[in-house]
Amino acid sequence: MLPTHELFEKLPDVEQDVRQVEELPSPIERALVALVIPVLDTPTACAVAKRTAKAMRRPMNRAKLDAFLGDLPRRLTRSPVLATVRRFLGWWADSEPPAEELLASRISPEELAARSGLKAPVCARVVLFTGSGPLLPLDPPIARVCIRHGWLDWPMSEPQPWIPLEGLDRKVCLHLYFGMRSISRSHCKARSPLCDTCTLRPLLPETGPCEPEVAM
Ligand code: SF4
């Protein structure tokens, strides 16, 4: 089980990332950040989300949409994430009931995946970022930290794209998400975790990190 309070205290300060997402005024912007955050830093992800949401308010045919998407940062246009953005925008434009209404209604990641055609881990991030439900998406860097600490079984009996965090508000969940991403990049590297200098070291099992042959 995830020790959320201890984790919250020991993770790096990610207040700025959380604030930037919280300040986005609309669900479509927060959902777009959730889509692109695996390949962009938070300020760039927020800027891309604002620009894209603004563009989507104009009538756009396929050619215009292609031109717009092609003009986004190269780290995004060269990544498979761009196809996810395109699929999401198509769903957002055509969804019935409206996507905004669905996201305001505590939709589950499973239901969002079924309606939008997006993959479950992506939907878990959208649900977190739009405030539809309290959870921790298990992106590979976050799953790696959880497995090494014994908070997730490995191998998993079935794929688990998120951990429910009932009772926590979105801001706390976002802190956990950004904080674990940050610690994963700085210390919990795929091949060799730098536990000696990591703030999460006191939360390790007595026997040390569980090594799941995880280079996830
Ligand atoms: S203490 Fe080690 S296993 Fe835990 S997050 Fe830090 S680097 Fe990873």
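What comes next concerns the included structure.

Scoring rules and cut-offs
- Residues numbered from 1 in each chain as written.
- Predicted model: local features only at pLDDT ≥ 70, side-chain atom pairs only at ≥ 80, totals over all residues.
- Helix = DSSP H or I, 4+ residues; strand = E, 2+ residues; numbered from the N terminus.
- Rg over C-alpha atoms; globule rule 2.2 N^0.38 Å.
- Core = buried A, V, L, I, M, F, W, Y, C linked by C-beta atoms within 7 Å.
- Buried ≥ 20, exposed ≤ 12 C-beta atoms within 10 Å, placed from the backbone.
- Contact = placed C-beta atoms within 7 Å.
- Axes fitted to C-alpha atoms, helices over the stretch in contact; angles between N-to-C directions.
- Parallel < 35°, antiparallel > 145°, perpendicular 65-115°, else oblique.
- Left-handed = near helix turned anticlockwise from the far one by under 90°.
- Nonpolar A, V, L, I, M, F, W, Y, C, P; charged D, E, K, R; others polar.
- Near = placed C-beta within 6 Å.

Here the focus is the overall build of the protein. Counting its regular elements, the protein contains twelve helices and two strands. Counting from the amino terminus, the protein carries its helices and strands in the arrangement α-α-α-α-α-α-α-α-α-α-β-α-β-α. Over its C-alpha atoms the protein spans a radius of gyration of 18 Å, differing by no more than 12% from the 17 Å that the globule rule assigns to 216 residues. C-alpha extents for the protein along the principal axes are approximately 60 × 35 × 30 Å.

On to the nonpolar core, then. Counting residues in each nonpolar core, the largest one holds 55 residues, and the members touching the most others are L32, V33, V36, L128 and L136. If sequence neighbours within four positions are ignored, V33 has contacts with V21, L24, A45, C46, A49 and F129.

As a further point, take the packing of helix 3 (residues 27-36) against helix 7 (residues 81-94). At a closest axis distance of 9 Å, the pairing of helix 3 and helix 7 adopts a crossing angle of 155°. Here helix 3 is positioned roughly antiparallel relative to helix 7, judged by the angle of their axes. Helix 3 and helix 7 meet at a crossing whose hand is right-handed. Across the interface between the two elements, I28, L35 and V36 from helix 3 touch V81, T84, V85, F88 and W92 from helix 7. Of the residues contributing to the contact of helix 3 with helix 7, the split by class is seven nonpolar, one polar and no charged.

The next subject is the site of the ligand. Lining the immediate surroundings of the ligand are 14 residues, of which R148, C188, P193, C195 and C198 lie closest. Considering only residue class, the shell around the ligand consists of ten nonpolar, two polar and two charged.

For the rest of this paragraph, the subject is the packing of helix 9 (residues 109-116) against helix 10 (residues 120-130). Two numbers describe how helix 9 lies on helix 10: the axes approach to 8 Å, and their chain directions differ by 115°. Both helix 9 and helix 10 take part in a crossing whose hand is right-handed. Along the contact surface, helix 9 presents P109, E110, L112, A113 and S116, while helix 10 presents A120, C123, A124, V126 and V127. Each residue belonging to the contact of helix 9 with helix 10 can be placed in one class, and the counts come to eight nonpolar, one polar and one charged.

What follows deals with helix 3. Within helix 3, ten of the ten residues are buried, which leaves it mostly tucked inside the rest of the structure. Three or more residues of helix 3 are buried, namely P27, I28, E29, R30, A31, L32, V33, A34, L35 and V36. For helix 3, the secondary structure elements touched by its buried residues are helix 2 (15-22), helix 4 (42-56), helix 6 (74-77), helix 7, helix 8 (99-103) and helix 10.

Following E96, the chain continues to P97 via a peptide bond in cis, the omega torsion being 0°. In this fold, P97 is placed in the loop between helix 7 and helix 8. Residue R106 is not a glycine yet carries a positive backbone phi of 55°. Within the secondary structure, R106 is located in the loop between helix 8 and helix 9. Judged by local crowding, R106 falls into the exposed class, with 12 C-beta atoms found within 10 Å.

With that out of the way, let us pick up the environment of I37. Tracing the sequence through the fold places I37 in the loop between helix 3 and helix 4. In this structure the C-alpha to C-alpha distance between I37 and L2, which are 35 residues apart in sequence, comes to 23 Å.

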